[in-house]
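Residue strings, one per chain:
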Amino acid sequence: MSSPISEAKVSDVLADEVKAPVQAGTLSHDVHLSGEWLSALVDFIAETLPDWRDDRSRPAQTSETRLTTQLCARLNSVSRHSGGWDFLQFRREEPDEVQAGRSIDLVAAPSGAVIWMDGREYSEYRALLPIECKRLPTPSRKDRDEREYVFSRFRSAGGIQRFKAGHHGAAYARAAMIGYVQDRDIPFWFMKVEAWIDGLVAATVQGWSVNDKLRLAAHLTANRVASLQSKHQRECGLDPIRIDHLWIEM
């Protein structure tokens, strides 16, 4: 059964950590953060989405590549002028840390600082968060699967599928996906994605279960955005991965 769509905004995550003294500087400057700080980073991206979409100076685009390029530019601009996020940079088409032949649509990485989380070092050369971007609906072509946000029968091109298989983000326990909703609305796609996962389970596709379903965290109808979460078991002995899904009606 589908989870109810609510208007309640997700409660502030780790507000104290966001206000911690994190500054841009030289690479000799170390910043120590809890791994749960990533939730605050996801919230920052989510809060940037509506103003980016509604910016009258933004050229109208529909392609995933152009939209993600625009969003990357906006995130960099906002982070530079935000006192709490000026130690970040966002980059496009970043080679995956493990699967070198594959690229991540968008990543968040330190800028001018070394960040330590859970004993791991992150610098401008190692991303903090891999982000996959998908259009809803998937563009209609004979070699495209309408379920591509989740899974593709043609190749390992599904958004969630890539993370589950370790083709993207194998070195990470957290990732994010951005869904550009270009037709219908968020409740429609929430039910559609749930139905696709139900279909994979019913067809006994290896590795898929009802535990792969998305959970709605917040739906802000005024801003036409939603935050969702999912957690997935992975192949090849990898630890589970949590995915934060940010959907925006374009």
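Residues numbered from 1 in each chain as written. Predicted model: local features only at pLDDT ≥ 70, side-chain atom pairs only at ≥ 80, totals over all residues. Heavy atoms only, no water.

### Overview of the overall build of the chain
For step 1, the next point in the chain: From N to C terminus, the chain includes 5 helices and 10 strands.
For step 2, the next point in the chain: The buried share among the 250 residues of the chain stands at 51%.
For step 3, the next point in the chain: Excluding contacts between residues fewer than 6 apart, the proportion of contacts in the chain whose partners are at least 24 apart in sequence is 59%.
For step 4, the next point in the chain: For the chain, the computed accessible surface area is about 11800 Å², with 49% contributed by carbon and sulfur atoms. (Helix = DSSP H or I, 4+ residues; strand = E, 2+ residues; numbered from the N terminus. Buried < 20%, exposed > 50% of the residue type's maximum accessible area, 1.4 Å probe, protein only. Contact = heavy atoms within 4.5 Å. Areas by Shrake-Rupley, 256 points an atom, 1.4 Å probe, with all protein chains shown as cover.)

### A few points about the sheet that holds strand β5 (residues 120-122)
For step 1, the next point in the chain: Spatially, the 3 strands line up as an open sheet ordered β1-β4-β5, and their pairing is mixed. Either end of the sheet is taken by a strand with one partner, and the two such strands are β1 (30-33) and β5. The mean inter-strand angle of the sheet, taken between neighbouring strand axes irrespective of direction, is 25°.
For step 2, the next point in the chain: Across 3 bridges, strand β4 (residues 114-117) lies against β5 in antiparallel orientation. Across the sheet, the residue bridging to tryptophan 116 is glutamate 121, located in β5. (Pairing = 2+ DSSP bridges. Axes fitted to C-alpha atoms, helices over the stretch in contact; angles between N-to-C directions.)

### So, the packing of aromatic side chains
For step 1, the next point in the chain: For the coordinates displayed, the defined rule picks out 10 aromatic pairs.
For step 2, the next point in the chain: Their ring planes at 20° and their centres at 4.9 Å tell us that phenylalanine 44 and tryptophan 85 sit as a pair that is stacked. Within this pair, whereas phenylalanine 44 is found in helix α2 (residues 37-54), its partner tryptophan 85 is found in the loop between α3 (64-80) and β2 (88-95), the two being separated by 41 residues in sequence. For the pair formed by phenylalanine 44 and tryptophan 85, the shared burial category is buried.
For step 3, the next point in the chain: Ring plane angle 90° and centroid distance 6.2 Å describe the contact between phenylalanine 151 and tryptophan 208, whose orientation is recorded as edge-to-face. With phenylalanine 151 in the loop between β6 (129-136) and α4 (159-165) and tryptophan 208 in the loop between α5 (186-202) and β8 (215-220), the pair connects residues that are 57 residues apart, well separated along the chain.
For step 4, the next point in the chain: Accessibility expressed as a relative area gives 10% for tryptophan 208, which makes it buried.
For step 5, the next point in the chain: Through a chain of ring-to-ring contacts, three or more aromatic side chains come together here, namely Trp37, Phe44, Trp85, Phe87 and Phe90.
For step 6, the next point in the chain: Here arginine 58 stacks its cationic end above the ring of tryptophan 52, 4.9 Å away from the centre of that ring. (Phe/Tyr/Trp six-rings, centres within 6.5 Å; stacked < 30°, edge-to-face > 60°. Lys NZ or Arg CZ within 6 Å of the ring centre and 35° of its normal.)

### Brief notes about the side chain of threonine 138
For step 1, the next point in the chain: Mapped onto the secondary structure, threonine 138 falls in the loop between β6 and α4.
For step 2, the next point in the chain: Residues in contact with threonine 138, not counting those within four places in the same chain, are Arg144, Asp145, Glu146, Glu148 and Tyr149.

### Quick word on the pairing of β6
For step 1, the next point in the chain: Across the 8 residues that make up β6, a large majority, 7, are buried.
For step 2, the next point in the chain: As paired strands, strand β3 (residues 103-110) and β6 are joined by 3 bridges and run antiparallel to one another. In the sheet register, leucine 106 faces β6, and the bridge partner there is isoleucine 131.
For step 3, the next point in the chain: Of the pairings in the sheet, the one linking β6 to strand β7 (residues 174-181) comprises 6 bridges and is parallel in character. Within β7, the residue paired with leucine 136 across the bridge is valine 181.
For step 4, the next point in the chain: What joins β6 to β7 is α4, and the crossover it makes is right-handed. (Right-handed = clockwise from strand over helix to strand, strands pointing away.)

### What about the packing of α2 against α3?
For step 1, the next point in the chain: Running from amino to carboxyl end, α2 crosses α3 at an angle of 115°, the nearest separation of the two axes being 10 Å. Relative to α3, the element α2 is oriented roughly perpendicular. Crossing angle aside, the handedness with which α2 passes α3 is right-handed. Across the interface between the two elements, Phe44, Ile45, Thr48, Leu49, Asp51 and Trp52 of α2 pack against Leu67, Gln70, Leu71, Arg74, Leu75, Val78 and Ser79 of α3. (Parallel < 35°, antiparallel > 145°, perpendicular 65-115°, else oblique. Left-handed = near helix turned anticlockwise from the far one by under 90°.)

### Structural notes on the nonpolar core
For step 1, the next point in the chain: Counting 40 residues, the largest nonpolar core has Trp37, Leu41, Ile45, Phe90 and Ile178 as its most contacted members.
For step 2, the next point in the chain: Tallying contributions element by element places α2 first for this core, with 10 residues.
For step 3, the next point in the chain: Counting 24 residues, the second-largest nonpolar core is a separate cluster that includes Tyr149, Leu200, Trp208 and Leu214. (Core = buried A, V, L, I, M, F, W, Y, C linked by side-chain atoms within 4.5 Å.)

### Notes on α3
For step 1, the next point in the chain: The first and last C-alpha atoms of α3 sit 24 Å apart over 17 residues, in line with the 24 Å expected at 1.5 Å per residue.
For step 2, the next point in the chain: Glu64, Leu67, Thr68, Gln70, Leu71, Cys72, Arg74, Leu75, Asn76 and Ser79 are the residues of α3 that are buried.
For step 3, the next point in the chain: Where α3 is buried, its residues contact α2, β2, β3, β6 and β7. (Expected span 1.5 Å × (residues − 1).)

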